[in-house]
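# Structure at a glance
Take a look at the letters that make up each chain.
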Amino acid sequence: MRNGRRLSDQWADAVVVRPRTGEHHLAVHRRLVLAFALSILTLIVVTTVAVLLSVRSEDCNATQGSTAAGGAGRSNGSRGDRVDEDEAHQPWKRSRLPGTLRPRHYDLDLSVHMENFTFNGDVSVELECLNATRYIVLHADRLDVTSVSVSSDSSTSRRSGGGLLRLHRHFLFPYNQMLVVVLHRELRPIRAYRLNVSFQGVIEDELLGFYRSSYTLERERRYLAVTQFSPTHARKAFPCFDEPSFKASFSLTLRHSAHFLSLSNMPPDGRTPDDRTPDDRTPADRTSDREALDGENGWVTVRFARTPRMSTYFLAWSVCDFSFIETHSGSGVKIRLYARPDAISSGAGDYALHITRRLLGFYQDYFQVQYSLPKLDLLAVPKHPYAAMENWGLSVFVEQKILLDQDEASASYRMELTMVVVHEICHQWFGDLVTPVWWEDVWLKEGFAHYFEYVGTDFLFPKWNMEKQRFLTDVLHEVMLLDGLSSSHPISQEVAQAADIDRVFDWIAYKKGAALIRMLAHVMGQNLFQRGLNDYLTTHMYSNAARVDLWNKLSEALRWAGRQVDVQQMMEGWTLQMGYPVVTVSKTDPPHLPIGYVSISQEHFLYAQEVGAGNSSLQWQVPLTVALGNSSSISSEHLIWIHNKTETHLIGPMDGDTWLLGNINQTGYFRVNYDLDNWKLLTQQLLTNHQIISIGNRAGLIDDAFNLARAGLLPQGVALQLIGYLPVESDFLPWHAASRALYQLDKLLDRTEDYTLFSDYVLKQVASRYHKMGWPSNAPSNTPSNTPSNNRSVMKASYQTEELQREVVMLACSFGNKHCHRQAVSHISDWISSNKNRIPPNVRDIVYCTAVSLMDEDVWEFLWMKFHSSNAVSEKKVLLEALTCSDSSFLLSRLLNLSLSSELVPEQDLIDVIIHVGRNPHGRELAWTFFRDKWEVLNARYGEALFMNSKLIGGVTEFLNTPKELEQLKEFIQASGAGAGPALQRALEIVEGNVRWLRLHHHQFYQWLRKAPDANMASDYAGR
């Protein structure tokens, strides 16, 4: 009522009895009855209107109405209850949770029904009230909420009903995936409450939330269920406060059929009927359990120990029938690897288990922080949206990234598997123990884990030399390709909406984050860097941190050593700005520089530099290391800080034969360009004595030269001339950098008329090294022993040689070397005739692909059959990719269509099939058409799976390079690009760059190839 008077006040006025004379008594009585009736009628009408308005308001709040399936329409208060005006604030309509309540602890009980793939459960959340509120707002998605209650006393049993608070209503708000509980009275600050929710849901066939997978053993299909909660999918399994900063502890109880065992972050705390934990039971024991439990419907209940405080997306569990192998770390942590029984019995998990034991000790020593849990399980599942997920104490891996068939796997496969395990173990500290406050700084965990892939692998296998070498080509060079686009973004980017969270998980966060951490580590020095990390981890353990917390701890470490460096001021330009600079060092521009001085300038590097796309306002604090050299020696490096657009610096004595080299060992995240005279001197140095320049810098010069040329900042011939020394190069890394650059050119030129000019040029560069190294022997090399003590020597001695041999063979076969083709055909023919695969594992992918492209359909069918019969996950991957190499449009179309069936091709492998068909010049148009025709199916299948959709879009479009294909891409984006986020815009920019390069440079490129090498050298540098 506007005047503040309630209906009860009006009623009181109407029934006041005043003294009356007798003759009026009957009339007064009648009037009182009439007033009473009218009041009752008025009360009914007003109440009805109020209820209708309330229901309508609730419908609006729930977007399209209250969802009956979620219990959203249930109301726990009387129909005429008064609702305060502050309900109009509607906190559930904001994308972020309100900060009025904090969860302290979850008691989560789940019953898992594997026979029909459903689950039901109860969650009881102990809450701390920070600010008075009538609303409890948390997350729930795709759950049927059946009951809700709130208790004022957290110490009472959630089943006792003591201290229950009166609810007005509860409902789901699907738009923000929230469950809203509205109370009659406000919760009071500094008090504890308990929220109880009962719910049920479906174990989905998707790859997020609580999902199911399957495998075949002895022709029997077996099922398992597992969780994938990162970044925002815990809410699909139970109602929770599903944001990283809402840390709490968890007590989980799982009830399921005794046919299965269950795993979670912590070891079991309860007991099975035979008084042993499920972990300790063999499959035979579980059969005995089933017999013992027949009277109890064959179910078992497992209670897991209470976790430390952690974010919801690190909670995990699985219900499966796997076997395991076990070891212990030096500090007593129990480590187990769970997988299919046949994979365990074959020894496929031995390698990963062994390196995990060593890695726990390495990280504890490096960070000086102990691993926090009593156990660590590694779970290998057949189907997973990513390579792995670092759930605290229960890391989940897709089988291809953790199971190693020691007789079938190549050296590169072993390296990749090793690095995935190293990455996930690092997350037990960076991510699980200390978690970024919000997703805008996801690089704080992913960048560190990606950097330590290389540091940790160097610990395991020092001769691989990963951080100083392989990091350059696989991380630095790769991410600079992406970060050189105008569609790039800073690694720290605002995430205002929940829908924006997925886009921060890309290679910018992972690889650029790793590159910046590496740059900072080299600027600080290893000891001070470790000191700062230790302080960061110990200060923020079991809690959250932002980037400023890291900067502060690293600055403190520098101040401790007497170095007054403001790390935040230095690094904010690198983390809050997109892209990176190209630093140009010139001895001749401007003219008349004083002797010993050079001019150094920085500008934003972009591949679209030629069309004026660079941002002139961007500027960085650049730690430029430089060294001077000549034909016989090179000086020690020294550090120059570049703060301005253009600066002049004293370098040292230089004559006409002195060259200058910047960014020593490529520790900095930037490109370096030089005046053309310096490029000429560096090229001559490589031709005469390349070993004066370090391996890392040789690779860096190659990568910088080709990418500067691609951006129009360097003549095309300079890069080609630079790699003229490759026939005498005996180290893997420069070859790897050159092959990456050559494959980039290949995708631009492979449909041009003069393509043979380019392929002949590559073959001339490769020929002498190919004939010198030959092919690997048939006997598998560097095969690890089944005994853990011998695993340490895997590929230790000859890794670089094996990788160089593989790189050269791949280039030779890819670009048409006849001897290489004959070798590949011979290997496949021997396999078919003998039914014994004697092909060296390190070159199997090259042999399979080459043979499929050269031989008839029978070879394709043979490999298709082997793909289905092989049990080795590494071999299956190689076989499937080889099938995409056919020259037959019919076979490629058949493969694309067959791959849509998850019964024939694993769901996560469909993306690789489409991408590899697109890389095949004979399949490019097929893959592009297939992608567009099946977009709705593909987007529905992979749209929520972070990297998968982005990988698919980028992979299928990166080879498009004609104006017609560019126009088709624009039409596709306009018609259906809304659901793909930034991936399609990035693809558009790449294809525009491909078309532009061909228009502007490919004629000049071929003109250079037609000239004699000596003439090229003269024409490129004459008069400049």
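First, a word on scope: everything that follows refers to the structure included in this document. (Residues numbered from 1 in each chain as written. Predicted model: local features only at pLDDT ≥ 70, side-chain atom pairs only at ≥ 80, totals over all residues. Heavy atoms only, no water.)

## Points about the sheet that holds strand β1 (residues 101–113)
Filter applied, for reference: Strands were regarded as paired on the criterion that DSSP finds at least two bridges between them. Each helix is a run of H or I in the DSSP string that is no shorter than four residues. Each strand is a run of E no shorter than two, and both are numbered from the N terminus. Throughout, an axis means a line fitted to C-alpha atoms (over the contacting stretch in the case of helices), and angles, computed between N-to-C directions, take values from 0 to 180 degrees.
With mixed pairing, 6 strands are arranged side by side in an open sheet as β4-β7-β2-β1-β10-β12. Here the strands that pair on one side only, and so sit at the sheet edges, are β4 (144–151) and β12 (299–303). On average, each strand axis in the sheet is tilted by 10° relative to the strand beside it, whichever way the strands run.

## A few points about the state of the cysteines
Which entries qualify depends on this criterion: When the sulfur atoms of two cysteines come within 2.5 Å, that pair is taken as a disulfide. Buried residues are those whose accessible area, probed at 1.4 Å on protein chains only, stays under 20% of the maximum for their type, while exposed residues exceed 50% and partly exposed ones sit between those limits.
Going through the model one piece at a time under the given rule, you end up with 2 disulfides. The disulfide partner of cysteine 813 is cysteine 820, and the gap between their sulfur atoms is 1.9 Å. Every disulfide takes its handedness from the sign of the S-S torsion; for cysteine 813 and cysteine 820 that torsion is -95°, giving left-handed. Each of the two residues, cysteine 813 as well as cysteine 820, counts as buried. Between the sulfur of cysteine 849 and that of cysteine 885 lies a disulfide, 2.0 Å long from S to S. One disulfide, between cysteine 849 and cysteine 885, carries an S-S torsion of -105° and so falls in the left-handed class. Separated by 36 residues along the polypeptide, cysteine 849 in helix α21 (residues 844–854) and cysteine 885 in the loop between α23 (873–882) and α24 (889–898) bring together distant segments of the chain. Residue class for cysteine 849 comes out partly exposed when judged on its relative accessible area of 28%. Exposure remark for cysteine 885: the relative accessible area of 13% places this residue in the buried category.

## Notes on the packing of aromatic side chains
Formally: The rule is short: rings of Phe, Tyr and Trp, with Trp giving its six-membered ring, pair when the centres are within 6.5 Å, and they are stacked under 30 degrees, edge-to-face over 60, tilted in between. Here, a charge over a ring means that NZ of Lys or CZ of Arg falls within 6 Å of the ring centre while also lying within 35 degrees of the ring normal.
Tallied over the entire structure, the rule returns 63 aromatic pairs. Ring geometry for phenylalanine 362 versus tyrosine 366: centroids 5.8 Å apart, planes at 50°, classification tilted. With phenylalanine 362 and tyrosine 366 both in helix α5 (residues 350–367), this residue pair falls 4 residues apart, about one helical turn. A relative accessible area of 10% places phenylalanine 362 in the buried class. Overall, the relative accessible area of 9% leaves tyrosine 366 in the buried class. Pairing tyrosine 743 with phenylalanine 815 gives two aromatic rings, centres 5.9 Å apart and planes at 20°, and the pair type is stacked. Taken together, the positions of tyrosine 743 in helix α16 (residues 732–749) and phenylalanine 815 in the loop between α19 (799–814) and α20 (818–834) put the pair 72 residues apart, joining distant regions of the chain. Judged by its relative accessible area of 6%, phenylalanine 815 falls in the buried class. When the ring centre of tryptophan 507 is taken as origin, the NZ or CZ atom of lysine 511, which lies over that ring, is 4.5 Å away. The lysine or arginine in question, arginine 710, covers the ring of tyrosine 607, its NZ or CZ lying 4.6 Å from the ring centre.

Keep in mind these numbers describe shape, not what the thing actually does.
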